[in-house]
Amino acid sequence: MNIKISPSILAADFANLQRDIQRISAADYVHVDVMDGHFVPNISIGLPVVESIRPTTDLPLDVHLMIERPVLWVERFCDAGADIVTCHVEADTEENIHEALRLIHAKGKKAGIVLKPKTPASAVLPFINEVEMILVMTVEPGFGGQKFMADMMPKVQTIRGYIDAMNPACDLEVDGGVDLNTAPLCINSGANVLVAGSAVYKAEDIPQRIAALRG
Ligand code: DX5
Ligand code: ZN
């Protein structure tokens, strides 16, 4: 499988964001972690930052919304320059998540869903035919630099099975604690997109690290 790398700019230097986005030009996506202080116990970046970074790279912006009621915000993130917008299934009712995915598609962008560690694989089933990406969290969302939860691998394998059977073009992404040691576990479990914050930005040679993470 062709493995894609989506470095998380949560690990970048926010005072030098343009430079740090150019440093990951060997990657496939730019992963943008949006946090609202309600859905997760942290606040990170929002619409003005997405708008400002859009012209600095040709890479697609993979925007991970860790916010309550994403249905109220997805159109504005699309307008700000997101290419892929992912919403947590835990962040609203099933009906409103369907509506959020519909609004993202109406903007001509790719839509995805995200599962927190305690959310079972089966939670993707109501949405699997409406998404271009499924993201499985391998840490509790909210902070970079946490320890990888290897016990999420059976869930990744189950969702890989669902994707192959029901929507084979869908990307399967993992996020949290992905480094040179844990990336092979994710790939062997069926993930094809790896988010990596610390593992990319702490590297001496970032292009070499991105290549190494692909396996
Ligand atoms: C966690 C974020 C992740 C995080 C990953 O809430 O969704 O994208 O930045 O960082 P690392 O790779 O350092 O665990
Ligand atoms: Zn993320």
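See the structure shown above.
Residues numbered from 1 in each chain as written. Chains lettered and ligands numbered in written order. Predicted model: local features only at pLDDT ≥ 70, side-chain atom pairs only at ≥ 80, totals over all residues. Heavy atoms only, no water.

Participant: Looking at this model, I keep getting lost on the pattern of salt bridges. Mind explaining?
Facilitator: Opposite charge on two side chains makes pairing possible when the charged atoms of those side chains draw close. In total, this model carries 11 salt bridges according to the counting rule given. Between Asp-20 and Arg-23 there is a salt bridge, with the nearest N and O atoms lying 3.1 Å from each other. Close ionic contact of Glu-140 with Lys-118 constitutes a salt bridge, the shortest N to O distance being 3.4 Å. Placement of the pair is Glu-140 in the loop between strand S6 (133-137) and helix H5 (153-166) and Lys-118 in the loop between strand S5 (110-115) and S6, with a sequence separation of 22 residues. (Salt bridge = Lys/Arg side-chain N within 4 Å of Asp/Glu carboxyl O. Helix = DSSP H or I, 4+ residues; strand = E, 2+ residues; numbered from the N terminus.)

Participant: Help me out: how do you make sense of the site of ligand 1 in this one?
Facilitator: In the vicinity of ligand 1, 20 residues are found, and the nearest of them are Asp-33, Gly-142, Asp-175, Gly-197 and Ser-198. For ligand 1, an oxygen atom lies 2.8 Å from a polar atom in the backbone of Gly-177. Gly-197 is positioned with one of its backbone polar atoms (N or O) 2.7 Å from an oxygen atom of ligand 1. If ligand 1 stood free it would expose 390 Å²; the protein chains cover 98% of that surface. Of the pockets mapped on this structure, ligand 1 occupies the largest pocket. If you list the elements that add at least two residues to the shell around ligand 1, you get strand S2 (30-35), strand S3 (61-66) and strand S8 (193-196). The dominant element in the shell around ligand 1, judged by the number of residues it contributes, is S2, at three residues. (Near = heavy atom within 4 Å. Polar contact = N/O pair within 3.5 Å; in protein donor to acceptor, adjacent residues only side chain to side chain. Areas by Shrake-Rupley, 256 points an atom, 1.4 Å probe, with all protein chains shown as cover. 1 Å grid on protein atoms, 1.4 Å probe; cavity = no way out; pocket = protein on both sides within 12 Å on 5 of 7 lines; lining within 4 Å. Sits in = over half its atoms within 2 Å of the grid points.)

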